[in-house]
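Survey of secondary and tertiary structure
Spelled out from the first residue to the last, the chains are:
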Amino acid sequence: MDGGKRSVLVTGGAVRIGREIALALARDGWRVFIHHHTSAQAAAELVTEIRAGGGAAEAFQADLADLDAVEALAQAAAGAAAVSGAPLEALVNNASLFSYDTLETMTAAAFDRHVAVNLRAPLFLARRLAPAMGDRGGCIINMLDNKLDAPNPDYLSYTVAKLGLAAATKTLALALAPKVRVCGIAPGVTLSGGVLTDQGFGYAHDANPLHHGCTPGQIAGAVRFILGTPALTGQIIVIDGGQSLVNPGRDVAFLAP
């Protein structure tokens with residue numbers, strides 16, 4: 001590591017997939033700004049771990065459902081990058097709200113919060129931070145979902161918001177060219193949790209055409225690939241072991257026998 005000669009903001013960067021991305025980019029020499037909402041301890045521990053390994057990292061708290069907090073996060077990250085002398089060159093919109101609902105059970109409040117966190121926040125962060133990337137070949141990566149290619153009615157509010165973010169990915173790639181590239185990553189089931197049990201997680205991976213699925217390390221690898229490929233923009237990389245090719249019609253959490 002070189003202590004961070006360029007900066008990246010990773011939303012939801014303190015835990016799970018975001019943590020893996022933050023660690024991978026820190027190892028590549030990025031100064032990593034780790035956003036979190038309620039995972040303050042995990043964010044602090046990750047900052048300590050990255051610094052202990054010779055890297056550079058800072059943590060920032062924000063509720064992405066609050067537009068004022070989103071604007072403040074962008075301002076803080078851009079300011080920290082400027083002060084550090086490591087220009088902001090990338091944004092990874094990894095944070096997501098993922099709560100179960102259907103057309104019958106969704107509420108207006110839950111729908112609005114899903115859209116605010118999963119669609120509005122990435123858009124406004126992109127608008128605010130793209131100018132800070134200047135002429136250095138900046139890159140924005142939006143974390144999506146393989147449900148884009150294999151829709152089902154489970155997690156309806158989440159799905160609609162992610163579909164909007166997929167459309168925004170391609171639109172922003174045109175709006176921000178030639179200075180900033182915009183791509184997406186659409187993973188299949190990657191970690192167990194919530195209503196997805198360990199048994200269901202294993203079944204979901206075994207049922208893929210490849211009989212194995214996505215891992216956090218593969219997602220981090222895709223982030224590194226996008227950042228390192230200057231001619232790539234407006235594209236969405238699906239990593240799901242082929243699950244979306246055989247759309248089962250339900251979320252995998254409900255398919256385990």
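This text gives an overview of the structure that appears in the document.

Conventions we followed
Residues numbered from 1 in each chain as written. Predicted model: local features only at pLDDT ≥ 70, side-chain atom pairs only at ≥ 80, totals over all residues. Heavy atoms only, no water. Helix = DSSP H or I, 4+ residues; strand = E, 2+ residues; numbered from the N terminus. Expected span 1.5 Å × (residues − 1). Buried < 20%, exposed > 50% of the residue type's maximum accessible area, 1.4 Å probe, protein only. Arc of directions from axis to C-beta. Contact = heavy atoms within 4.5 Å. Polar contact = N/O pair within 3.5 Å; in protein donor to acceptor, adjacent residues only side chain to side chain. Core = buried A, V, L, I, M, F, W, Y, C linked by side-chain atoms within 4.5 Å. Pairing = 2+ DSSP bridges. Axes fitted to C-alpha atoms, helices over the stretch in contact; angles between N-to-C directions. 1 Å grid on protein atoms, 1.4 Å probe; cavity = no way out; pocket = protein on both sides within 12 Å on 5 of 7 lines; lining within 4 Å. Points joined across faces, edges and corners; volume = space filled by probe spheres on them. Nonpolar A, V, L, I, M, F, W, Y, C, P; charged D, E, K, R; others polar. Phe/Tyr/Trp six-rings, centres within 6.5 Å; stacked < 30°, edge-to-face > 60°.

Thoughts on helix H3 (residues 67–84)
For H3, which comprises 18 residues, the first-to-last C-alpha distance of 26 Å matches the rise-based estimate of 26 Å (1.5 Å per residue) to within 8%. Every buried residue of H3 is accounted for by Ala69, Val70, Leu73, Ala74, Ala77, Ala78, Ala80 and Ala81. Each buried residue of H3 sits inside an arc of 165 degrees when the element is viewed along its axis, so together they form one side. Of the residues in H3, the exposed ones pointing more than 90 degrees away from the buried face are Asp68, Gln75, Ala82 and Val83. Residues of H3 that are buried sit in contact with strand S1 (6–10), strand S2 (30–36), strand S3 (56–61), strand S4 (88–93) and helix H4 (108–129). N-capping of H3 is provided by Asp66, with a side-chain oxygen placed 2.9 Å from the backbone N of Asp68. Phi turns positive, to about 80 degrees, at Gly85, one or two residues after H3.

Focus: the environment of Pro131
With respect to the helices and strands, the residue Pro131 is situated in the loop between H4 and strand S5 (138–143). Accessibility expressed as a relative area gives 62% for Pro131, which makes it exposed. In this structure the C-alpha to C-alpha distance between Pro131 and Ala78, which are 53 residues apart in sequence, comes to 9.8 Å.

A look at the nonpolar core
One finds Ile21, Leu25, Val32, Ile34 and Ile185 to be the most contacted residues of the largest nonpolar core, which totals 34 residues. At the level of secondary structure, the elements contributing two or more residues to this core comprise S1, helix H1 (16–27), S2, helix H2 (40–52), S4, S5, strand S6 (180–187) and helix H7 (216–227). Per-element accounting of this core gives the leading share, 7 residues, to H1. Every residue in contact with Ile34, bar those within four places of it in the chain, is listed here: Val10, Gly13, Ala14, Ala22, Ala43, Leu46, Val47, Ile50, Ala57, Glu58, Ala59 and Phe60. Listed in part, the 30 residues of the second largest apolar core include Ala62, Leu64, Leu125 and Val180.

A short note on the sheet that holds S5
Strand order in the open sheet formed by 7 strands is S3-S2-S1-S4-S5-S6-S7, with parallel pairing between adjacent strands. Two strands lie at the open edges of the sheet, namely S3 and strand S7 (236–239), each paired on one side alone. Neighbour to neighbour, the strand axes of the sheet diverge by 20 degrees on average, direction disregarded. Packed onto the sheet, H1 meets S1, S2, S4 and S5 and runs at close to 165 degrees relative to S2.

Some details on empty space enclosed by the protein
Within this structure, the stated rule accounts for 1 cavity of 30 Å³ or more. Estimates place the volume of the largest cavity at around 50 Å³. As for the largest cavity, its lining consists of Thr11, Leu64, Asn93, Asn94, Ala95, Val117, Asn118, Ala121, Pro122, Leu125, Lys162 and Leu165. For the lining of the largest cavity, the elements supplying multiple residues, two or more each, are H4 and helix H5 (156–175). Sort the elements by how many residues they give to the lining of the largest cavity and H4 lands first, with 5 residues. In terms of residue class, the lining of the largest cavity is built from 7 nonpolar, 4 polar and 1 charged.

Details of the environment of Asp66
With respect to the helices, strands and loops of the structure, Asp66 is situated in the loop between S3 and H3. Spatially, the C-alpha atoms of Asp66 and Pro122 are 12 Å apart, while their sequence positions differ by 56 residues. Separated by 2.9 Å, the side chain of Asp66 and the backbone nitrogen of Asp68 make a polar contact.

Considerations on the side chain of Thr102
As for its placement among the helices and strands, Thr102 is situated in the loop between S4 and H4. Apart from residues lying up to four places away in sequence, Thr102 is in contact with Pro153 and Leu156.

As for the packing of aromatic side chains
Applying the stated criterion across every chain, the model contains 4 aromatic pairs. On the basis of an interplanar angle of 75 degrees and a centroid distance of 4.6 Å, the ring pair of Phe98 and Tyr158 is categorised as edge-to-face. With Phe98 in the loop between S4 and H4 and Tyr158 in helix H5, this pair connects stretches of sequence that are 60 residues apart. Judged by centre distance (4.8 Å) and plane angle (90 degrees), the ring pair of Tyr100 and Tyr155 falls under edge-to-face. In this pair, Tyr100 sits in the loop between S4 and H4 while Tyr155 sits in the loop between S5 and H5, placing the two residues 55 residues apart along the sequence. A connected cluster of aromatic rings, assembled from ring pairs, spans Phe98, Tyr100, Tyr155 and Tyr158.

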